[in-house]
Amino acid sequence: MIRDNIDQVGRNISRACEKAGRSPDQVTLIAVSKTKPVSLLMEAYHAGCREFGENKVQELLDKYELMPKDIKWHMIGHLQRNKVKYIVDKVVLIHSVDSLKLAEEISREALKKQVEVSILIEVNIAGETTKYGVKPQETEALIREIAALPGICIQGLMTIAPYVDEAEENRQYFAQLKQLAVDINNKNIDNVNMSILSMGMTGDYMIAVEEGATCIRVGTGIFGERQYQVK
Ligand SMILES: *Cc1c(COP(=O)(O)O)cnc(C)c1O
């Protein structure tokens, strides 16, 4: 089941890349495993997945302990400053940095643990009031401030596009994020590169790949619908 889903996503990535004249090896598939049990993550692992994304610190830590050690873990959800210390040395990339304060905390913990932490800046590209992320027009200024911090390397941008019925509607936002990354890259800011563009989820990842995504975050399309417990 999960293996079939992963194969399907792989074929879709290939098709989108072909359309855009890109190579599929420029696109990393992150299996978003939030709310799913380790048994299902192991199925994905056996089907070849080595990159997993979680949005809650405790859940990431629990799964980190239980899963094989060659997995690359991605923190994709909103991160509270008091939880930074638990994950800086366990994740390959924090996708969701949108404030100087959070970046300062990551920097402090990175120095303590003697690691360099790769981060993305989360941009609220569509200006939705319900979403985290920095405004597009404030992104460069924030990047310049964060770039000066030790122990942190800014690797690119991330966005969560609006929830839409037609994936095509999000093409404009993916194109805008790509353009923003190109513009910032052209400024040649020290300690900043714009090599990673994390955009596209189950409903719209093919459009995101066509527009230049290098990282797509797919949950439902691999593991099926999520069941959230009513508390
Ligand atoms: C849950 C989540 C995803 C995956 O969403 P699907 O629609 O299930 O693919 C991607 N990115 C972030 C930040 C998420 O929280």
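Attention in this report is confined to the structure presented alongside it. All residue numbers refer to positions counted from 1 along the written sequence of the respective chain. In view of the model being predicted, local features appear only for residues whose pLDDT reaches at least 70, and side-chain atom pairs are presented and counted only at 80 or more, with totals across whole chains, interfaces and linings using the full set of residues. Hydrogens and water molecules were not included; the side-chain quantities draw on all heavy atoms of the structure.

**Examining the pairing of strand E5 (residues 117–122)**
Part 1 of the argument: With 6 of its 6 residues buried, E5 lies for the most part within the structure.
Part 2 of the argument: Alternating residues of E5 divide into Val 117, Ile 119 and Ile 121 and Ser 118, Leu 120 and Glu 122, and every residue in both groups is buried.
Part 3 of the argument: In terms of strand pairing, strand E4 (residues 93–97) meets E5 through 2 bridges, oriented parallel. The partner of Val 97 across the bridge, within E5, is Ile 121.
Part 4 of the argument: Classification remark: right-handed applies to a crossover when, strands pointing away from the viewer, the course from the first strand over the helix to the second runs clockwise. Secondary structure is summarised from DSSP: a helix means a run of H or I of at least four residues, a strand means a run of E of at least two, and numbering begins at the N terminus for each. Following the chain from E4 across helix H5 (residues 100–113) to the adjacent parallel E5, one finds a crossover that is right-handed.
Part 5 of the argument: Bridge analysis of E5 against strand E6 (residues 152–158) gives 6 bridges, and the strand direction is parallel. Paired with Leu 120 across the two strands is Gly 156, which belongs to E6.
Part 6 of the argument: Crossover handedness for the path E5 to helix H6 (residues 136–147) to E6: right-handed. Think of it in three bands: with a 1.4 Å probe and only protein chains considered, a residue is buried below 20% of the maximum accessible area for its type, exposed above 50%, and partly exposed in between. Here, any two strands with at least 2 DSSP bridges between them count as paired.

**Examining the state of the cysteines**
One covalent bond between the sulfur atoms of two cysteine residues makes up a disulfide.
Part 1 of the argument: When two cysteine sulfur atoms lie within 2.5 Å, the pair is treated as a disulfide. Per the counting criterion, the structure on display carries 0 disulfides.
Part 2 of the argument: Here Cys 17 stays free of any disulfide, with the sulfur of Cys 215 as its closest cysteine sulfur at 13 Å.
Part 3 of the argument: Relative accessible area serves as the criterion here: at 0%, Cys 17 is assigned to the buried category.
Part 4 of the argument: Here Cys 49 is not disulfide-linked; the sulfur of Cys 215 is the nearest cysteine sulfur, at 13 Å.

**A word on unusual backbone geometry**
Part 1 of the argument: Of note in this structure, Thr 35 is not a glycine but carries a positive phi near 70 degrees.
Part 2 of the argument: Tracing the backbone shows Thr 35 in the loop between strand E1 (28–32) and helix H2 (38–46).
Part 3 of the argument: Overall, Thr 35 belongs to the partly exposed group, its relative accessible area being 32%.
Part 4 of the argument: The backbone of Asn 188 shows a phi angle near 50 degrees, a positive value even though the residue is not glycine.
Part 5 of the argument: Residue placement: Asn 188 occurs in the loop between helix H7 (171–185) and strand E7 (192–198).
Part 6 of the argument: Asn 188 sits in the exposed class, given a relative accessible area of 65%.

**A few points about the packing of aromatic side chains**
Part 1 of the argument: Ring pairs are drawn from Phe, Tyr and Trp, using the six-membered ring of Trp, whenever the two centres fall within 6.5 Å, and their geometry is named by plane angle: stacked under 30 degrees, edge-to-face over 60, tilted for the rest. In this structure the tally under the stated criterion is 1 aromatic pair.
Part 2 of the argument: Seen from their ring centres, Phe 52 and Trp 73 are 5.7 Å apart, and the 40 degrees between their planes marks the pair as tilted. Linking Phe 52 in strand E2 (residues 51–54) with Trp 73 in strand E3 (residues 72–75), this pair joins segments that are 21 residues apart in sequence. The pair Phe 52 / Trp 73 is uniform in exposure class, with both members buried.
Part 3 of the argument: The rule is short: NZ of Lys or CZ of Arg within 6 Å of the ring centre and within 35 degrees of the ring normal puts a charge over the ring. Over the aromatic face of Tyr 45 sits the side chain of Arg 50, whose NZ or CZ is 3.6 Å from the ring centroid.
Part 4 of the argument: Sitting over the face of the ring of Tyr 64, Lys 90 holds its NZ or CZ atom 5.8 Å from the ring centroid.

**Some points on the site of the ligand**
Part 1 of the argument: The ligand sits among Val 32, Lys 34, Ile 76, Ile 160, Met 201, Thr 202, Arg 217, Val 218, Gly 219, Thr 220 and Arg 226.
Part 2 of the argument: Pairs of N or O atoms within 3.5 Å make up the polar contacts considered here, provided that, within protein, one atom can donate a hydrogen while the other can accept it, and that residues adjacent in sequence are counted only when both atoms are side-chain atoms. One of the side-chain N or O atoms of Thr 220 is found 2.5 Å from an oxygen atom in the ligand.
Part 3 of the argument: We get accessible surface area from the Shrake-Rupley algorithm with a probe of 1.4 Å; when it comes to residues, only the shown protein chains can shield them. The fraction of the free accessible surface of the ligand (390 Å²) that becomes covered by protein chains is 89%.
Part 4 of the argument: Gly is put with the polar residues, along with every residue not named as nonpolar or charged; the nonpolar set is Ala, Val, Leu, Ile, Met, Phe, Trp, Tyr, Cys and Pro, and the charged set is Asp, Glu, Lys and Arg. Of the residues assigned to the shell around the ligand, the class counts are 5 nonpolar, 3 polar and 3 charged. One heavy atom within 4 Å of a molecule or strand is enough for the residue carrying it to be called near that molecule or strand.

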